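Each chain, written out:
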Amino acid sequence: MAYPTVLYGPESMVYDDYAVNSPAPGNNGAGGAIAYRHRHPFGKQLILEDGRMFRFAASGGSTLVIGNVLSASVATASQQALTPAAAAVDARTISLTTGASSAINLFAEGYANVSITPGLGNSYKIASHALMTSGAGDIVNLAPGQAIRVALTTSSRIDLINNPYARVIQLPATTAASAIMGVAVSAPVTLRGCWIQTQGPACVLGITGLIAGTRAVAPSSTAGACGPETAVAATSAIETTIGNTMFAVASSSGQNVFLTLEGS
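Residues numbered from 1 in each chain as written. Predicted model: local features only at pLDDT ≥ 70, side-chain atom pairs only at ≥ 80, totals over all residues. Heavy atoms only, no water.

Enquirer: Just checking my understanding: could you explain a nonpolar patch on the surface for this structure?
Expert: Nonpolar side chains collect at one region of the surface, where Met-246, Phe-247 and Phe-258 lie side by side and expose about 300 Å² of accessible area between them. Its place among the elements puts Phe-247 in strand S18 (residues 240-247). Since its relative accessible area comes to 53%, Phe-247 is described here as exposed. (Patch = residues over 30% accessible without salt bridge, like charges linked within 9 Å, V, L, I, M, F, W, Y side chains within 5 Å. Areas by Shrake-Rupley, 256 points an atom, 1.4 Å probe, with all protein chains shown as cover. Salt bridge = Lys/Arg side-chain N within 4 Å of Asp/Glu carboxyl O. Helix = DSSP H or I, 4+ residues; strand = E, 2+ residues; numbered from the N terminus. Buried < 20%, exposed > 50% of the residue type's maximum accessible area, 1.4 Å probe, protein only.)

Listed below in structure tokens is the structure:
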């Protein structure tokens, strides 16, 4: 059985936005289905006839701006390096001592990553969880097909990572705080589902005029904008290539970029 992870749609579809599912999915318990909060699973791919690619996401704490470079939201620091209760191989839940309150299913569709051995390097997809109350005994339910592969002990540490396509935000100026995920093609208000572009010809805000045939990189000196590649090694080290410039225009304009966030 294969999941339909790729959609092939019309031009108009990429501009649609969607309210959260109502009623909201519940905490389904061990072995339950993933609590999808929106119309599609986060990260689902949409391909148009000309090969442009988009991913399903949801806007973060403010309305997205068309043409802006977007990043994943910043991870919740208080929900990192958490101590788990001992969990045997094949367990379907992880019991954690959490560091903050988190709303029901905030981390659904996200990941429980083991950052300290035993179990270091294992990543588990999260199906659902109840309201986290900041303390011992908060339970994370693993997604169908997921089970503990290396037994956990109280020496292990777990990082709770939201799905990177959930709550995407405008890329900050100068220094990215998380991974770059795509470019906004619509302007959904807070927490609405949407499509963001990841591959193919796009119009991207550029604070500095790009150079035709060279890399377009981000972050730049302005939030949400891309810029030309930098010859200064210290600056280049914190830049991410988002694509290649097709045709250069003036600074503070929409730059013509062939996005390569799905790979060159």
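And the narrative resumes.
Enquirer: What should I look at first to understand the side chain of Arg-52 in this one?
Expert: Examined against the element boundaries, Arg-52 turns out to sit in the loop between strand S2 (45-47) and strand S3 (53-58). A distance of 2.8 Å separates the side chain of Arg-52 from the side chain of Asp-50, its partner in a polar contact. Leave out the neighbours within four places in its chain, and Arg-52 touches Glu-11, Leu-46, Ile-47, Gln-197, Gln-199, Gly-200 and Pro-201. (Polar contact = N/O pair within 3.5 Å; in protein donor to acceptor, adjacent residues only side chain to side chain. Contact = heavy atoms within 4.5 Å.)

Enquirer: How should the sheet that holds strand S9 (residues 123-129) be read in this particular structure?
Expert: Consider a sheet: its strands pair through backbone hydrogen bonds, and that pairing is either parallel or antiparallel. Spatial strand order, S5-S6-S11-S9-S8-S12: six strands in an open sheet with antiparallel pairing. Of all the strands in the sheet, just strand S5 (83-84) and strand S12 (157-161) have a single pairing partner and so form its edges. As defined by bridge partners, S5 adjoins strand S6 (residues 93-97) across two bridges and the pair is classed as antiparallel. Bridge pairing in S6 links Thr-83 to Thr-97. (Pairing = 2+ DSSP bridges.)

Enquirer: Where do I start with the environment of Gly-135 in this structure?
Expert: In this structure, Gly-135 sits in the loop between strand S10 (132-133) and strand S11 (138-142). Overall, Gly-135 belongs to the buried group, its relative accessible area being 18%. Along the backbone, Gly-135 and Thr-97 are 38 residues apart, and their C-alpha atoms lie at a distance of 4.8 Å.

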